[in-house]
Amino acid sequence: MGLELKELSVGYDRNLPILQDIGLRIEKGEAANFYGYNGIGKTTLLKTVATFIRPLKGQILYEGKPITNFRRRIFFLPETVDVPSRVTPIEYVRAVASLYGTRVDENRALKALKTVGVATPRVPLGKLSQGMKRRVQLSASLLVEAEIFVLDDPLVAVDEESKHELLQTILESLKEKGVVIMSSREKLPYCELNVDLKEFRR
Ligand SMILES: Nc1ncnc2c1ncn2[C@@H]1O[C@H](COP(=O)(O)OP(=O)(O)OP(=O)(O)O)[C@@H](O)[C@H]1O
């Protein structure tokens, strides 16, 4: 059954929805990319799916039940590349995994970091580049026991040269666990659905 958005309107003011009447279904094993220009409402939509903001109208269902029943199964990657500066990548991904009740040993953490191209797993995050910090955030998604992956602009700060390969690697693994819903400024490969948010503007 997957994730269903039914007549969904999102925004901050009931009288001024930012996006409205979104209706679509993302099956388990699939990824959907919502794309559009700055300010169109990508973050607002994703935060609503991740249950941080209440829908103005409509429903969000997972496996036929309200998404709010699955809060512990949602992994949310914010748009901002914000990580604590003093912890190392290994410590960071292990700590994130533990929030989902998963104990990850050092070897597994190292493997996940290597998969996304982090070559300095023991250097404090404050000393890494933005793109490397983003990769560390993404590698945590590979380790958590979640089912609904909400990724706000996952490739922000990642270089053009490797971004599609990185996306392929991440999506391959996340789709096996459930559904992926993400945002970007452009259409992306490896996504079953690419949704132009202009369709849902008022
Ligand atoms: N907390 C808030 N309260 C009221 N309005 C907000 C709030 N956050 C964002 N907005 C407005 O909602 C609209 C959509 O913003 P949003 O951040 O969802 O866009 P976006 O597509 O993610 O943009 P970007 O590509 O720049 O990240 C904008 O007009 C923005 O000013």
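Residues numbered from 1 in each chain as written. Predicted model: local features only at pLDDT ≥ 70, side-chain atom pairs only at ≥ 80, totals over all residues.

**Quick notes on the site of the ligand**
Thinking step 1. Near the ligand, the surroundings consist of Y12, I18, G36, N38, G39, I40, G41, K42, T43, T44 and E79.
Thinking step 2. Along the lines of polarity and charge, the residues of the shell around the ligand split into three nonpolar, six polar and two charged. (Near = placed C-beta within 6 Å. Nonpolar A, V, L, I, M, F, W, Y, C, P; charged D, E, K, R; others polar.)

**Section: the UniProt feature "domain: ABC transporter" (unreviewed entry) in the chain**
Thinking step 1. Under the UniProt annotation, the feature "domain: ABC transporter" (unreviewed entry) is placed at residues 3–202.
Thinking step 2. Between the end C-alpha atoms of residues 3–202 there is a gap of 24 Å, over a span that is 30% helix and 24% strand. (UniProt positions renumbered as here; feature names shortened; annotations may be inferred. Helix = DSSP H or I, 4+ residues; strand = E, 2+ residues; numbered from the N terminus.)

**Quick notes on the sheet that holds strand β2 (residues 19–26)**
Thinking step 1. Taken together, four strands build an open sheet; the order of strands is β2-β1-β4-β5 and the sheet is antiparallel. Each having just a single partner strand, β2 and β5 (65–66) make up the two edges of the open sheet.
Thinking step 2. Note that strand β4 (residues 57–62) and β5 share two bridges and pair antiparallel. If you follow Y62 over to β5, its bridge partner there is K65. (Pairing = 2+ DSSP bridges.)

**Thoughts on helix α3 (residues 106–115)**
Thinking step 1. Where α3 is concerned, the buried positions are A109, A112 and L113. For α3, the buried positions fall inside an angular range of 100° around the axis, keeping them on one side. Exposed side chains of α3 directed beyond 90 degrees from the buried face belong to N107 and K114.
Thinking step 2. In this structure, the buried residues of α3 make contact with α2 (89–99) and α4 (130–143).
Thinking step 3. G117, located one to two residues past α3, shows a positive phi value of around 85°. (Buried ≥ 20, exposed ≤ 12 C-beta atoms within 10 Å, placed from the backbone. Arc of directions from axis to C-beta. Contact = placed C-beta atoms within 7 Å.)

**Considering helix α1 (residues 42–49)**
Thinking step 1. Buried within α1 we find K42, L45, L46, T48 and V49. All buried residues of α1 lie within an arc of 160° about the axis, which places them on one face of the element.
Thinking step 2. Buried residues along α1 sit in contact with β1 (3–10), β2, β3 (31–35), β4, β7 (148–151) and β8 (179–184).
Thinking step 3. Just downstream of α1 lies T51, where phi reads positive at about 75°.

**A look at the pairing of β4**
Thinking step 1. Of the pairings in the sheet, the one linking β1 to β4 comprises five bridges and is antiparallel in character. Bridge pairing in β4 places E4 opposite L61.
Thinking step 2. Taken together, β4 and the strand that follows it, β5, pair antiparallel across an intervening segment of two residues, in which E63 is found at a positive phi of about 50°.

**Observations concerning the sheet that holds strand β9 (residues 193–196)**
Thinking step 1. Ordered by their spatial adjacency, five strands build an open sheet running β6-β7-β8-β3-β9, and the pairing between neighbours is parallel. The open sheet has two edge strands, β6 (74–77) and β9, and neither has a second partner. Mean inter-strand twist for the sheet, computed between neighbouring axes without regard to direction, equals 15°.
Thinking step 2. Pairing between β6 and β7: four bridges, direction parallel. For F75, the partnering residue across the bridge sits in β7 and is F149.
Thinking step 3. Packing of α1 onto the sheet brings it into contact with β3, β7 and β8, and relative to β8 it is tilted by some 160°. (Axes fitted to C-alpha atoms, helices over the stretch in contact; angles between N-to-C directions.)

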